[in-house]
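Results of the structural survey
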Amino acid sequence: MDSRMADLRYKEIVSITDGSRFGYVGDVELDLGTGQVRSLVVPGRLRLFGLLGREEDKVFPWESVKRFGEDIILVDGQAAPRKPRRGRRE
């Protein structure tokens, strides 16, 4: 199966341990020195239509990714929370 990085945005992350659904991939963290993927990031949900900000992002290390499917990504373990970034990225 051929896939591009842009196709990851349409894949949902699901836990293989309990079947919980975390959301869709919003970003990918890369190591520019080696060209390797470090982690997949699921953006936090909006609180009160975005008026109260959003929840923390969920970060899944690349080591926790077990399998890619047509429309889902299976991960083992829990996500590490991360505060959402504000404004433009550096």
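A short tour of the structure in this document, coming up.

Definitions and limits used
Residues numbered from 1 in each chain as written. Predicted model: local features only at pLDDT ≥ 70, side-chain atom pairs only at ≥ 80, totals over all residues. Heavy atoms only, no water. Salt bridge = Lys/Arg side-chain N within 4 Å of Asp/Glu carboxyl O. Buried < 20%, exposed > 50% of the residue type's maximum accessible area, 1.4 Å probe, protein only. Pairing = 2+ DSSP bridges. Helix = DSSP H or I, 4+ residues; strand = E, 2+ residues; numbered from the N terminus. Axes fitted to C-alpha atoms, helices over the stretch in contact; angles between N-to-C directions.

With respect to the pattern of salt bridges
Evaluated as defined, the whole model comprises 2 salt bridges. The partner of arginine 21 in a salt bridge is glutamate 12, and the shortest N-O contact between them spans 3.0 Å. Accessibility expressed as a relative area gives 61% for arginine 21, which makes it exposed.

Thoughts on the sheet that holds strand S2 (residues 21-24)
The strands that make up a sheet pair up through hydrogen bonds in the backbone, lying either parallel or antiparallel. With mixed pairing, 4 strands are arranged side by side in an open sheet as S2-S1-S7-S6. Strand pairing shows two members of the sheet lacking a second neighbour, S2 and strand S6 (65-68), which therefore form its edges. Adjacent strand axes in the sheet meet at a mean angle of 25°, parallel and antiparallel pairs treated alike. The pairing of S6 with strand S7 (residues 72-75) spans 3 bridges and is antiparallel. Bridge pairing links arginine 67 to leucine 74 in S7.

Don't take any of this as a statement about function, it's just geometry.
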